[in-house]
Amino acid sequence: MGKTKTALLTGVTGQDGSYLAELLLSKDYEVHGVVRRVAIEDGDVRYTRIKHILKDITLHSGSIESHQSIFAAVNIVKPDEVYHLAAQSFVGESFADEFTTMKVNSEGTHNILSCCRSIVPDCRFYFAGSSEMFGEVLQTPQTEKTPFNPRSIYGISKCVGFHLTKHYRTAYGMHASSGILFNHEGPRRGYEFVTRKISRYAAKIKLGLAKTLPLGNLSAVRDWGHAQDYVEAQWLMLQQDQPDDYVVATGVTHTVYEFCKAAFGLLSLKCEDYITVDERFKRPSDVNFLLGDATKARKVLGWKPKISFEDMVAEMVRNDY
Ligand code: NDP
Ligand code: GDR
């Protein structure tokens, strides 16, 4: 039996890319990924999140900011579905390196949209938009109709990607959709993001490997879901007859401090005994409050999150411990 469909993923080595590749393989897709070349070629180091599925997927060398390399990958694969997940995804870093963030996230999105239009204009395209586009929120909860008001170069770069995706949909008739995804986490989350930092430090402190947990803004509020649930929404968007934009969120909020309390509590520790506030982890302008309304995703896609906040924190702490 031949494979049902062919998918090309950028960002396949990342948190979402790894879960999405697994999901697509389980649906009998032929899965291809774009990876940039790095000096570390030990697969166990380079591909930690996807090493268990490396034999089932095909990797293509490419950098999203290089039109030439993306053109080559799209031209070889001729995908039915493209999931564009590659990004400089760390908001904190976007203050330190504005130009890489803009180039990778905005120009990179333009590159792949343009390649798809030239080679596979009928493919279905997903853009990884973000709740960071809402920034200093102008309405609560945030829906697809809430105006964008970004507070970081990362947020601005994602607004550019969002508008590019919409432009290719309206001007050229492409099946191009954007997910406006709120924070989603899990045991594969990068170490610099606050949830993984907390679960890791809770484990380290319990094991006597660290004494304190240095953090920045403890009162920031986020709508945290599980990445495994969110990649399902990405796939569902490309199964619709019509392309569109969707908020994906849980509708439940917690502060950074509450995340700490939950994580440390699971190891019978009190987080207040270990947290130190370190100015280095505060941002020049932060997003203080995010709460998503995913009614449209629920009604149109039939999507809803399955994994609760408590179960997600428990999985992350168990994994790090
Ligand atoms: P990760 O940071 O875990 O993964 C990012 C991926 O992008 C990695 O595979 C990385 O590859 C790749 N990448 C980065 N720069 C380049 C480049 N120049 N060329 C090619 N590939 C590159 O992110 P997530 O999986 O968490 O997020 C996936 C997408 O969803 C991102 O676009 C992110 O901005 C967006 N998003 C994420 C949310 C979240 O809460 N997780 C919420 C909303 C949006 P490498 O291994 O080489 O570093
Ligand atoms: P975010 O995630 O910026 O929302 O972007 P992150 O986990 O980095 O920060 C969340 C909130 O926690 C506060 N914070 C700290 N953050 C980090 N990283 N480290 C700390 O020590 C710390 N202390 C407090 C932050 O100030 C912030 O308010 C994530 C990324 O996945 C983006 O790619 C994605 O688009 C958005 O989520 C939705």
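The structure reproduced in this document is the subject of the present report.

Analysis parameters
- Residues numbered from 1 in each chain as written.
- Chains lettered and ligands numbered in written order.
- Predicted model: local features only at pLDDT ≥ 70, side-chain atom pairs only at ≥ 80, totals over all residues.
- Heavy atoms only, no water.
- Helix = DSSP H or I, 4+ residues; strand = E, 2+ residues; numbered from the N terminus.
- Rg over C-alpha atoms; globule rule 2.2 N^0.38 Å.
- Buried < 20%, exposed > 50% of the residue type's maximum accessible area, 1.4 Å probe, protein only.
- Contact = heavy atoms within 4.5 Å.
- Core = buried A, V, L, I, M, F, W, Y, C linked by side-chain atoms within 4.5 Å.
- Salt bridge = Lys/Arg side-chain N within 4 Å of Asp/Glu carboxyl O.
- Near = heavy atom within 4 Å.
- Polar contact = N/O pair within 3.5 Å; in protein donor to acceptor, adjacent residues only side chain to side chain.
- Areas by Shrake-Rupley, 256 points an atom, 1.4 Å probe, with all protein chains shown as cover.

Describing the overall build of the protein
Part 1 of the argument: When you go through the protein residue by residue, the secondary structure sums to 11 helices and 13 strands.
Part 2 of the argument: Computed over C-alpha atoms, the radius of gyration of the protein comes to 19 Å, within 12% of the 20 Å expected from 2.2 N^0.38 for 321 residues, which places it in the range of a compact globule.
Part 3 of the argument: Counting only C-alpha atoms, the protein reaches 55 × 45 × 40 Å along its principal axes.
Part 4 of the argument: Considering the protein as a whole, with its 321 residues, one finds that 53% of them fall into the buried category.

Concerning unusual backbone geometry
Part 1 of the argument: The linkage connecting Thr140 with the following residue, Pro141, adopts the cis geometry, with an omega of -10°.
Part 2 of the argument: As for its placement among the helices and strands, Pro141 is situated in the loop between strand S5 (124-130) and helix H6 (153-172).
Part 3 of the argument: Phi is positive for Asp28, which is not a glycine, with a value near 65°.
Part 4 of the argument: Among the secondary structure elements, Asp28 is positioned in the loop between helix H1 (15-26) and strand S2 (30-35).
Part 5 of the argument: Of note in the backbone geometry, Lys78 takes a positive phi value of approximately 45° without being a glycine.
Part 6 of the argument: Relative to the assigned elements, Lys78 resides in the loop between helix H3 (67-77) and strand S4 (81-84).

With respect to the side chain of Ser69
Part 1 of the argument: Tracing the sequence through the fold places Ser69 in helix H3.
Part 2 of the argument: When sequence neighbours within four positions are dropped, the list of residues in contact with Ser69 reads Ser61, Gly62 and Ser63.

Points about the nonpolar core
Part 1 of the argument: Membership of the largest hydrophobic core comes to 34 residues, with the highest contact counts inside it found for Leu9, Leu20, Leu24, Tyr83, Tyr126, Met237 and Trp303.
Part 2 of the argument: Breaking this core down by element, the ones donating at least two residues are strand S1 (6-10), H1, S2, S5, helix H8 (227-237), strand S11 (245-248) and helix H10 (295-301).
Part 3 of the argument: At 7 residues, the largest contribution of residues to this core is made by H8.
Part 4 of the argument: Contacts of Met237, omitting those with residues within four sequence positions, involve Tyr126, His175, Ser177, Ser178, Gly179, Leu181, Tyr246, Val248 and Leu301.

Considerations on the environment of Cys123
Part 1 of the argument: Note on placement: Cys123 falls in the loop between helix H5 (98-119) and S5.
Part 2 of the argument: Classification of Cys123 as buried rests on a relative accessible area of 2%.
Part 3 of the argument: Considering only alpha carbons, one finds Cys123 and Asp80, 43 residues apart in sequence, at a separation of 4.8 Å.
Part 4 of the argument: Each residue touching Cys123, except ones within four places of it in the same chain, is listed here: Pro79, Asp80, Val82, Cys116 and His175.

A closer look at the pattern of salt bridges
Part 1 of the argument: Following the criterion strictly, the structure yields 15 salt bridges and no others.
Part 2 of the argument: Of the charged contacts, one joins Glu232 and Lys306 as a salt bridge, the two residues approaching to 2.7 Å between their closest N and O atoms. With a gap of 74 residues between them, Glu232 in helix H8 and Lys306 in the loop between H10 and helix H11 (309-320) connect regions that are remote in the sequence.
Part 3 of the argument: Several salt bridges share partner residues, and in doing so they unite Glu132, Arg222, Arg283 and Asp286 into one network.

Brief notes about the site of ligand 1
Part 1 of the argument: In the vicinity of ligand 1 there are 25 residues, among which Thr13, Glu65, Leu85, Ser89 and Tyr154 approach most closely.
Part 2 of the argument: Ile64 places a polar main-chain atom, nitrogen or oxygen, 3.0 Å from a nitrogen atom of ligand 1.
Part 3 of the argument: Separating a nitrogen atom of ligand 1 from a side-chain N or O atom of Glu65 is a distance of 2.7 Å.
Part 4 of the argument: Protein chains shield 89% of the accessible area of ligand 1, which is 900 Å² for the free molecule.
Part 5 of the argument: Tallying contributions element by element places S5 first for the shell around ligand 1, with 3 residues.

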